[in-house]
Amino acid sequence: QVRLVESGGGLAQAGGSKRLSCAASGGIRSINDMGWYRQAPGNQRELVATISTAGSTNYADSVKGRFTISRDNAGNTVYLQMDSLKPADTAVYYCNADIKLASSYFPRTYWGKGTLVTVSS
């Protein structure tokens, strides 16, 4: 059974940094795109950043220049380095991944349960 487990959340001060990690495990044959999304209280879930297997990245305008997404393909892990944090970055951060299982042919999108990041002013 596929699991995506996020870590690294917690409290940060405005202007500070946080590094999130998300490790995928469980019957995985290959992983295509991986990404981070976030959901603030009262808001819809929104894209933060995505990264392809080859390393091509895409960022939301609100985090460009402050956040960096990266991945370790051998370890099935995706990271999100968050710098110059703002109170507006406070949200639950979710990772997702398009995964092909060893037992199936078509990829499917899986989600982690999320990790809370709180940025104080």
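Residues numbered from 1 in each chain as written. Predicted model: local features only at pLDDT ≥ 70, side-chain atom pairs only at ≥ 80, totals over all residues. Heavy atoms only, no water.

Chemist: Is there a simple way to explain the state of the cysteines in this structure?
Modeler: Here, the word disulfide means a covalent bond between the sulfur atoms of two cysteines. If you walk through the whole model with that rule in mind, you get one disulfide. Here Cys22 connects covalently by a disulfide to Cys95, the sulfurs 1.9 Å from one another. Highlighted residues: Cys22 in strand S3 (residues 18-25) and Cys95 in strand S9 (residues 91-101), separated in sequence by 73 residues. Its relative accessible area of 1% is what places Cys22 among the buried residues. (Disulfide = S-S within 2.5 Å. Helix = DSSP H or I, 4+ residues; strand = E, 2+ residues; numbered from the N terminus. Buried < 20%, exposed > 50% of the residue type's maximum accessible area, 1.4 Å probe, protein only.)

Chemist: Can you walk me through the pairing of S3 in this structure?
Modeler: The two faces of the sheet receive side chains in turn, since in a regular strand these alternate between them. Pairing analysis gives five bridges linking strand S1 (residues 3-7) to S3, with the strands arranged antiparallel. The residue of S3 that forms the bridge with Val5 is Ala23. Pairing analysis gives six bridges linking S3 to strand S8 (residues 77-82), with the strands arranged antiparallel. Bridge pairing links Ser21 to Tyr79 in S8. (Pairing = 2+ DSSP bridges.)

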